[in-house]
Each structure stands twice: as C-alpha cells, then as structure tokens.
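One-letter residues, chain by chain:
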Amino acid sequence: MKVTIGGSLKLAFRPWVEGLENIPAEGPAILASNHLSFSDSLFLPAVLPRKVTFIAKAEYFTTPGVKGRMKAAFFKGAGQLPVDRSGARGAGEAAIKSGIEVVERGELFGIYPEGTRSPDGRLYRGKPGGLARVTLATGAPVIPIAMIDTEKIQPPGKVVPKLMRPGIRIGKPMDFSRYEGMENDRFVLRALTDQVMYEIMKLSGQEYVDIYASVAKRQIAEAAKAEKQAQKQAEQAQKDAQREALEAEKESAGS
C-alpha cells in the first residue's frame, strides 16, 4: 500500500502534513479523524511511517468475481479489517472488538468517530460507542486528526479526481486514564467523545453540527425527495393548466 498506491498519491497530490511528530514511533495509539472522503483512508496511511489499521464492512472482502477479488486485495493491502455486521448488535460490537485487538497488539488503530462521511463538509457529533470504548478498554492515547479538503478532490458525481493538495493536521495525544474503570458510564463515554471531537474541530476549522452525520444524511435525502416531488407536482400543474387553456380555446372557437 505505502510503496504502490501510497507513493503514487504522494507524488500526484503532494499532501501537506502538520504534527507528524505527534505519532509515536512505537506502541499503540488510536487515531481519531474527521471523515470527508473515501480517500481519507488512503491519504492518512500514505503519509505516516507506521501501518494504520481501519475497519471495513465484511462485504468488501466477500464480493464474488474478479472485481470482488481485486477489491478484497485492495482493502487487505490498505490494512483494513473485515467486520461482520450480521451479529445481534451489528457492526458496533464487532468494530469495538477488532479495534481492541489492534491496539493490544501495539499497533495504530484508525477510527472515524462520526461513523460515516460528512454529507456537506461540516463536522458532526461523534458516536460515543467505538472510540470511547476502545480507548477505555485499552488505555491507549487518542490522537486527534483533521483531514483538510479531501472532499474537494473527487466530489459526488465526478469521475476524474481533481489534482490538488489536501492536508492532514495531527494533534497532540490525549490521555484519558482518569476515566479508567468507567467504561460502562454513558456520561463518561459521551464526555470523552465530545472532548476528542472538540480537538478535531480546532484542528480542522470545520463548522460543528450537534447531530449525527447519519441523521443529517437522512434529512438531506428527505429534503431532496420533497423538492423533487414538489417540482414534479409543479410540472404536472403546469401541464394541467396548459391543457385546460387549450380546451377552453377549443370551446371558444366552436361557439
């Protein structure tokens, strides 16, 4: 990944990095980043000297056919771990278990606290489950990270990526040892997550929205659907008006 895709990314896009010294040379750490683009999981590992392990849905590794095998090989090479979402509590428990295993091996574990990509470039509320529980279960430091402008490289609907310089800003490690033994306290999980999101906000300069990104995506989709429906109704009303006008004209001509 680093030699092939990573090298090509750095050569083509020349990403800038601040705070690289905050990544430990060895030992475990949790990298908590905002999430603007699919390419976040490519640029971040490409610029770090150490391997970063993220999690990905198991379907990426089990798709049949040549394309499926190529996709599986790519995700494995990029350090992604398959997570089976079919369990009783879905991806959450599987992701937490995978994250703990990575950290306990003394490696770097990457996670996006927002849970999904931002739909509009703003920073959304972090989900308290994965990040906080992996942190409290392992005692590993959390390093806040801000991806800058990665969403502008290939916006939705664009096939050819735009050659531009994205940025990566790495904050100082955060120690949450004061919360040791409080992993079942939902207020502690919320507080820990909010503190990390605040640091990410300061690093990224994004506008913060105190709702989950998944909720925002649903609201945006519903608004788009309502707008489309309203446009359809307006077009139908216009057609009806034209038809009525034509019929009235015919009646007037007949009389």
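Now for a look at the structure at hand.

Rules of the game
Residues numbered from 1 in each chain as written. Predicted model: local features only at pLDDT ≥ 70, side-chain atom pairs only at ≥ 80, totals over all residues. Heavy atoms only, no water. Helix = DSSP H or I, 4+ residues; strand = E, 2+ residues; numbered from the N terminus. Rg over C-alpha atoms; globule rule 2.2 N^0.38 Å. Buried < 20%, exposed > 50% of the residue type's maximum accessible area, 1.4 Å probe, protein only. Areas by Shrake-Rupley, 256 points an atom, 1.4 Å probe, with all protein chains shown as cover. Core = buried A, V, L, I, M, F, W, Y, C linked by side-chain atoms within 4.5 Å. Contact = heavy atoms within 4.5 Å. Salt bridge = Lys/Arg side-chain N within 4 Å of Asp/Glu carboxyl O. Axes fitted to C-alpha atoms, helices over the stretch in contact; angles between N-to-C directions. Parallel < 35°, antiparallel > 145°, perpendicular 65-115°, else oblique. Nonpolar A, V, L, I, M, F, W, Y, C, P; charged D, E, K, R; others polar. Phe/Tyr/Trp six-rings, centres within 6.5 Å; stacked < 30°, edge-to-face > 60°. Lys NZ or Arg CZ within 6 Å of the ring centre and 35° of its normal.

If you tally the helices and strands in the protein, you get 8 helices and 9 strands. Relative to its length of 255 residues, the protein is extended, with a C-alpha radius of gyration of 24 Å against a globular reference of 18 Å. Seen through its principal axes, the protein has C-alpha atoms that stretch 95 × 45 × 40 Å. Looking at the 255 residues of the protein, the share that counts as buried comes to 38%. For the protein, the computed accessible surface area is about 14,600 Å², with 55% contributed by carbon and sulfur atoms.

This next bit is on the nonpolar core. Judged by nonpolar contacts, the single largest core of 24 residues is most densely connected at Ile30, Leu131, Val142, Leu192 and Val196. It is helix α7 (residues 186–204) that provides the largest number of residues to this core, a total of 6 residues. What Val196 contacts, discounting residues up to four positions off in sequence, is Ala32, Leu131, Val142, Met174 and Phe176.

This part is about the environment of Tyr198. Following the sequence through the fold, Tyr198 ends up in helix α7. A C-alpha to C-alpha distance of 9.8 Å links Tyr198 and Gly126, two positions 72 residues apart in sequence.

Every α-helix winds through 3.6 residues per turn, so residues three or four apart in the chain are directed the same way. Among the residues of helix α6 (residues 130–138), those classed as buried are Leu131, Ala132, Val134, Thr135 and Leu136. Residue Gly139 follows α6 closely and has a positive phi angle near 75°.

Let us now look at the pattern of salt bridges. Counted by the stated rule, this structure contains 11 salt bridges. The partner of Arg243 in a salt bridge is Asp240, and the shortest N-O contact between them spans 3.1 Å. With a gap of 3 residues between them, Arg243 and Asp240 both fall in helix α8 (residues 213–254), about one helical turn apart. Assessed through its relative accessible area of 42%, Arg243 is described here as partly exposed. Residue class for Asp240 comes out partly exposed when judged on its relative accessible area of 23%.

Packing of α6 against α7 leaves a shortest axis separation of 9 Å and a crossing angle of 105°. When the axes of α6 and α7 are compared, the pair comes out roughly perpendicular. Contacts from Leu131, Ala132, Arg133, Thr135 and Leu136 of α6 reach α7 at Val188, Leu189, Leu192, Thr193 and Val196. In terms of residue class, the contact of α6 with α7 is made up of 7 nonpolar, 2 polar and 1 charged.

Relative to the helices and strands, Ala213 is located in helix α8. Overall, Ala213 belongs to the buried group, its relative accessible area being 0%. Separated by 96 residues in the primary sequence, Ala213 and Arg117 have C-alpha atoms spaced 7.3 Å apart. Setting aside residues up to four positions removed in sequence, Ala213 forms contacts with Glu114, Thr116, Arg117, Pro119 and Tyr124.

Looking now at the packing of aromatic side chains. Tallied over the entire structure, the rule returns 3 aromatic pairs. When the ring of Phe13 is compared with that of Phe43, the centres are 5.5 Å apart and the planes differ by 90°; the resulting orientation is edge-to-face. In this pair, Phe13 sits in helix α1 (residues 2–13) while Phe43 sits in helix α2 (residues 40–47), placing the two residues 30 residues apart along the sequence. What makes Phe43 buried here is its relative accessible area of 3%. Consider the rings of Phe54 and Tyr112, whose centres lie 5.5 Å apart with planes at 15°: the pair is stacked. Of this pair, Phe54 sits in strand β3 (residues 52–57) while Tyr112 sits in the loop between β5 (108–111) and β6 (123–124), and the two are 58 residues apart along the sequence. Comparing Phe54 with Tyr112 shows no difference in burial state: the two are buried. Seen from the ring of Tyr212, Lys127 lies directly overhead, with NZ or CZ sitting 5.9 Å from the centre. Here the guanidinium or amino end of Arg178 rests over the ring plane of Tyr179, the centre of that ring lying 4.8 Å away.

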